Amino acid sequence: MSRFLSKKYATLTPYVPGEQPRDMKYVKLNTNESPFPPSPRVVAAAEQEANRLNLYSDPECTELKRAAAELYGVEPKHVLPVNGSDEILYFAFLAYGDDQNPFAFADISYGFYPVYARFCDVPSREIPLKDDFSLDYRDYLGIREHILIANPNAPTGTTLPLWQIEEIVGSNPDRVVIIDEAYIDFGGESCVPLIHKYDNLLVVQTFSKSRSLAGARLGFGIGSEQLIRDLNTVKYSINPYNVNRMTQAAGVAAIEDDDYYRANAETIMTIRAEATEQLQSLGFTVLPSCANFVFAKSGSVSGEELYQKLKARGVLVRHFTKERIKDYCRITIGTREQMQTLMTNIQSILAEKG
Ligand SMILES: *Cc1c(COP(=O)(O)O)cnc(C)c1O
């Protein structure tokens with residue numbers, strides 16, 4: 001730390017992204033990226049746009065907003081494209097959080113939520129998941145905080161039915177309810193249609209997971225016209241050109257190629273079912289997942305040991321040191337070949353243990 005760093009940041013604990021090591025070629029099952037490349041049309045659109053990188057991007061993202069609105073069945077005024085969905089979360093903490101307006105989120109959820117809360121100086125309350133890692137929607141009815149829920153949740157993969165989301169949104173009319181749908185394309189039910197009924201609902205979507213664009217950084221906030229206006233006020237006060245030209249073009253092309261991504265999501269779900277069965281037959285407990293990962297615990301190897309030994313063998317999975325989940329590893333669903341490599345290595349690790 002230099003002697004210049006503001007006191008208010010001196011004790012920050014930043015978010016730790018999944019590792020991206022370069023020392024060898026790993027089978028990467030640790031950051032929930034898609035194992036499939038973007039569609040050829042997306043690559044072509046981004047390449048074409050590269051020729052215009054001398055010009056600023058459209059700060060309104062006009063075309064992208066129109067395409068996304070159509071995809072989600074809303075109007076462009078309900079959509080705010082952002083530089084990865086993390087950015088809309090950041091904007092929401094800035095826009096709606098302060099001493100009088102704390103946030104609530106689950107104790108086991110996306111690790112960035114508490115980081116943004118601290119960074120934005122917003123008080124927060126962590127609501128524990130149940131012993132089986134399910135979220136009881138009744139814990140969120142009529143509470144005094146703004147609410148942030150990942151549905152499906154990460155790193156657990158469990159999901160809430162639409163009616164429970166609606167109960168939460170409807171019972172907190174004077175609180176903003178943010179539903180982070182990063183993994184919704186892998187088997188959950190989106191609550192986007194509810195934005196027409198509830199002006200306090202903000203839905204967060206990303207193209208990082210199901211649409212193979214993690215490196216392009218593209219996400220969306222979807223909500224009432226007033227919420228989107230608030231978030232635009234924040235955006236134009238920080239970085240009006242937050243979504244670059246190549247990403248805007250890639251996003252439009254990705255939406256036009258929706259079938260490609262739907263097919264890939266189907267494949268991931270099929271492989272997820274196979275992997276779940278294989279892990280169970282190797283003695284793992286696997287939480288029911290509606291995401292592109294499984295959260296699994298071995299009967300004989302600790303989470304830390306499994307993570308370390310897989311890494312030594314060239315397979316990366318994600319391990320969290322938090323007490324409640326330290327026995328588990330979060331394993332991204334890759335291609336069949338990648339999953340085969342994973343299973344072979346797990347078998348040999350288990351065999352070593354005897
Ligand atoms: C991956 C992820 C995000 C962030 O996605 P980006 O769009 O890449 O910023 C947000 N929320 C959850 C729950 C995620 O898992």
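Everything here concerns the structure above.
Residues numbered from 1 in each chain as written. Predicted model: local features only at pLDDT ≥ 70, side-chain atom pairs only at ≥ 80, totals over all residues. Heavy atoms only, no water.

Caption draft 1: Looking closely at the packing of helix H1 (residues 40-50) against helix H7 (residues 245-256). Orientation of H1 relative to H7, taken along the N-to-C sense of each, is 155 degrees, at an axis distance of 8 Å. The angle between H1 and H7 places the two elements in the roughly antiparallel class. Our pair here, H1 against H7, has a crossing hand that is right-handed. Side by side, H1 and H7 meet where Arg41, Val42, Ala45, Ala46, Glu49 and Ala50 of the first sit next to Arg245, Met246, Ala249, Ala250, Ala253, Ala254 and Glu256 of the second. (Axes fitted to C-alpha atoms, helices over the stretch in contact; angles between N-to-C directions. Helix = DSSP H or I, 4+ residues; strand = E, 2+ residues; numbered from the N terminus. Parallel < 35°, antiparallel > 145°, perpendicular 65-115°, else oblique. Left-handed = near helix turned anticlockwise from the far one by under 90°. Contact = heavy atoms within 4.5 Å.)

Caption draft 2: Representation of the packing of aromatic side chains. Scanning the model with the defined rule gives 21 aromatic pairs in all. Here Tyr72 and Phe220 contribute two aromatic rings whose centre-to-centre distance is 6.1 Å and whose plane-to-plane angle is 65 degrees, an arrangement assigned as edge-to-face. Taken together, the residues span a long stretch of sequence, with Tyr72 in helix H2 (residues 62-72) and Phe220 in strand E8 (residues 219-223) at a distance of 148 residues. This pair shows no difference in class: Tyr72 is buried, exactly as Phe220 is. Geometrically, the ring pair formed by Tyr260 and Tyr261 is edge-to-face, given 4.9 Å between the ring centres and 90 degrees between the ring planes. For Tyr261, a relative accessible area of 2% puts it in the buried group. Here the aromatic cluster, defined as three or more aromatic residues joined through ring pairs, consists of Tyr9, Tyr15, Tyr90, Phe91, Phe93, Phe103, Phe105, Tyr110, Phe112, Tyr113, Tyr116 and Phe119. Across the ring face of Phe207, the terminal group of Arg211 is positioned such that the distance to the ring centre comes to 4.9 Å. (Phe/Tyr/Trp six-rings, centres within 6.5 Å; stacked < 30°, edge-to-face > 60°. Buried < 20%, exposed > 50% of the residue type's maximum accessible area, 1.4 Å probe, protein only. Lys NZ or Arg CZ within 6 Å of the ring centre and 35° of its normal.)

Caption draft 3: Molecular detail of the side chain of Glu145. Tracing the backbone shows Glu145 in the loop between strand E4 (124-127) and strand E5 (146-150). For Glu145, a relative accessible area of 5% corresponds to the buried category. At 2.7 Å, the side chain of Glu145 and the side chain of Arg125 are in polar contact. With sequence-adjacent residues up to four places away left out, Glu145 is seen in contact with Pro102, Phe103, Ala104, Arg125 and Arg175. (Polar contact = N/O pair within 3.5 Å; in protein donor to acceptor, adjacent residues only side chain to side chain.)

Caption draft 4: Focus on the sheet that holds strand E3 (residues 103-106). Read across the sheet, 7 strands follow the order E2-E8-E7-E6-E5-E3-E4 without closing on themselves; strand pairing throughout is mixed. In this open sheet, the two strands that pair with only one neighbour each are strand E2 (79-82) and E4. Averaged over all pairs of adjacent strands, the angle between strand axes in this sheet comes to 20 degrees, irrespective of strand direction. Judged from the 5 bridges that link them, strand E7 (residues 201-206) and E8 form a sheet pairing that is antiparallel. Counted as the bridge partner of Thr206 is Gly219 from E8. Along the sheet face, helix H5 (residues 162-171) touches E5, strand E6 (177-180) and E7 and points at about 155 degrees away from the line of E6. (Pairing = 2+ DSSP bridges.)

Caption draft 5: Local environment of the site of the ligand. All residues adjacent to the ligand are Gly84, Ser85, Asp86, Tyr110, Asp180, Ala182, Tyr183, Thr206, Ser208, Lys209 and Arg217. For the ligand, whose free accessible area comes to 390 Å², the fraction covered by protein is 93%. For the shell around the ligand, the residue count by class is 3 nonpolar, 4 polar and 4 charged. (Near = heavy atom within 4 Å. Areas by Shrake-Rupley, 256 points an atom, 1.4 Å probe, with all protein chains shown as cover. Nonpolar A, V, L, I, M, F, W, Y, C, P; charged D, E, K, R; others polar.)

Caption draft 6: Fine view of the nonpolar core. The biggest cluster of nonpolar side chains holds 52 residues, and the ones touching the most others in it are Tyr140, Leu201 and Phe220. Of the domains in this structure, domain 1 (16-37 + 259-353) and domain 2 (40-256) are the two that each give at least three residues to this core. Setting aside anything within four residues of it in sequence, one finds Tyr140 in contact with Phe105, Ala106, Ile127, Leu135, Ile147, Ile149, Ile168, Ser171 and Asn172. Counting residues in hydrophobic clusters, the runner-up holds 34 residues, among them Ala265, Leu279, Phe293 and Ile333. (Core = buried A, V, L, I, M, F, W, Y, C linked by side-chain atoms within 4.5 Å. Domains from an automatic or database assignment.)

Caption draft 7: Just the environment of Thr156, in detail. Here Thr156 shows up in the loop between E5 and H5. Exposure remark for Thr156: the relative accessible area of 0% places this residue in the buried category. Along the primary structure Thr156 and Ala265 are separated by 109 residues, whereas in three dimensions their C-alpha atoms are 18 Å apart. If sequence neighbours within four positions are ignored, Thr156 has contacts with Ile108, Leu129, Phe133, Leu287, Pro288, Phe293 and Phe295. A distance of 3.2 Å separates a polar atom in the side chain of Thr156 from a polar atom in the side chain of Asn153.

Caption draft 8: Highlighting the sheet that holds strand E9 (residues 284-286). One open sheet holds the 4 strands; their spatial order is E9-E10-E13-E12, and the pairing between them is antiparallel. At either end of the open sheet lies a strand with only one pairing partner, and these are E9 and strand E12 (318-319). Looking at chain direction, E9 and strand E10 (residues 293-298) are connected through 3 bridges and run antiparallel. Each residue of the ladder has a partner; that of Phe284, found in E10, is Ser298.

Caption draft 9: Structural view of the pattern of salt bridges. If you walk through the whole model with that rule in mind, you get 26 salt bridges. Two residues, Glu49 and Arg52, come together in a salt bridge whose shortest N-O distance is 3.0 Å. Given a relative accessible area of 11%, Glu49 falls into the buried group. A network of salt bridges, in which partner residues are shared, links Glu305, Lys309, Arg313, Glu352 and Lys353. (Salt bridge = Lys/Arg side-chain N within 4 Å of Asp/Glu carboxyl O.)

Caption draft 10: Spotlight on the pairing of E3. Two strands pair when backbone bridges link them, and E3 and E4 are joined in this way by 4 bridges, in the parallel orientation. Across the sheet, residue Phe103 finds its bridge partner in E4, namely Ser124. Crossover E3 to E4 through helix H4 (residues 112-119) is right-handed. Bridge analysis of E3 against E5 gives 2 bridges, and the strand direction is parallel. When the sheet's bridge partners are listed, Ala104 is paired in E5 with Ile147. (Right-handed = clockwise from strand over helix to strand, strands pointing away.)

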